[in-house]
Amino acid sequence: MITLYGRATAFNVLKVGWLLEELELTYKHVSVGGRFGGLDTPEFEKLNLHKKVPALVDGERSIWESHTILRYLAATYGKDNFYSADPFERSLQERWMDWSQSVFQPAFMNVFWGYYRQPAAKRDLRFIESHLEKCRFHLEALDKQLGNTRFLAGESLSTADIPAGSVLYRLTEIGLDVTLPKHVEQWYDHLKQRPGYQKWVMGDFTELFGRASF
């Protein structure tokens, strides 16, 4: 039995949930963190000593850190489009995963926390706009790649698409002026048709509005 721990509105949790759906795996979801609490319990600390979500338990094994979980699931349960046996082909996926985590997601998170998670009176508009401009720049990089391939690592969905694709819904739904480049918009339109994306990424996150904590 696979169990995913974390609140559904947590950005790093929804990435894992989406991949679980894409892999058509049977799993249990346990809501912890935020208003659910539970991160400080001895039981959860055994799953992740850092007391952060997501955590995933597969049988007797526990895994933490969202992108490590993605790689684990892809390697264990994915076929070639999710985890190629060829190291170079696999790198096409992993480079976009790493880029998303280290470049695109931080810019987005600064926008999300600076604008959506802050009460209006506490927003730093110059800070928000500077990081929104970084997001626009990164969208252009995605667009260049998607002008050559249907998905980020080729012609089928892979782990390359999960982290960057997860950003798009919130980035475009929080009330700021974000116009997606042509190829990114086509990619996004396709992602929105996928049941796993609808279930996890396009979930209601309004409980986070104006909340500067959790």
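Our structure's up above, just so we're on the same page.
Residues numbered from 1 in each chain as written. Predicted model: local features only at pLDDT ≥ 70, side-chain atom pairs only at ≥ 80, totals over all residues. Heavy atoms only, no water.

Enquirer: Explain the sheet that holds strand β2 (residues 27–30) to me, please; I cannot follow it from the model alone.
Expert: Strand pairing within a sheet occurs via backbone hydrogen bonds; the two strands may be parallel or antiparallel. Across the sheet, four strands lie side by side as β2-β1-β3-β4; this open sheet has mixed pairing. Each edge of the open sheet is held by one strand with a lone partner, namely β2 and β4 (61–64). Adjacent strand axes in the sheet meet at a mean angle of 20 degrees, parallel and antiparallel pairs treated alike. Note: strand β1 (residues 2–5) against strand β3 (residues 55–58), four bridges, orientation antiparallel. (Pairing = 2+ DSSP bridges. Helix = DSSP H or I, 4+ residues; strand = E, 2+ residues; numbered from the N terminus. Axes fitted to C-alpha atoms, helices over the stretch in contact; angles between N-to-C directions.)

Enquirer: Would you explain the nonpolar core in this entry?
Expert: Looking at soluble globular proteins, one finds that nonpolar side chains tend to be buried together. Judged by nonpolar contacts, the single largest core of 67 residues is most densely connected at Leu 20, Leu 56, Leu 73, Leu 139, Leu 142, Leu 171 and Trp 187. Counting residues per element, this core draws most heavily on helix α4 (residues 87–116), which supplies 10 residues. (Core = buried A, V, L, I, M, F, W, Y, C linked by side-chain atoms within 4.5 Å. Buried < 20%, exposed > 50% of the residue type's maximum accessible area, 1.4 Å probe, protein only.)

Enquirer: I'm lost on the side chain of Thr 159 in this one. Help?
Expert: Its place among the elements puts Thr 159 in the loop between α5 (125–146) and α6 (161–173). Under the relative-accessibility criterion, Thr 159 is labelled buried at 3%. Not counting the four nearest positions on each side in its chain, Thr 159 is found in contact with Leu 19, Leu 70, Ala 74, Phe 82, Gln 93 and Met 97. (Contact = heavy atoms within 4.5 Å.)

Enquirer: What is the right way to read the packing of aromatic side chains from this model?
Expert: Applying the stated rule across the entire model yields 12 aromatic pairs. Geometrically, the ring pair formed by Phe 112 and Tyr 116 is stacked, given 5.3 Å between the ring centres and 15 degrees between the ring planes. Of this pair, Phe 112 and Tyr 116 both sit in helix α4, four residues apart, which is roughly one turn of that helix. Given a relative accessible area of 2%, Phe 112 falls into the buried group. Connected via pairs of aromatic rings, a cluster forms that spans Phe 11, Phe 108, Phe 112, Tyr 116, Tyr 169, Phe 205 and Phe 209. Sitting above the plane of the Tyr 115 ring, Arg 123 keeps its charged end 4.0 Å from the centroid. (Phe/Tyr/Trp six-rings, centres within 6.5 Å; stacked < 30°, edge-to-face > 60°. Lys NZ or Arg CZ within 6 Å of the ring centre and 35° of its normal.)

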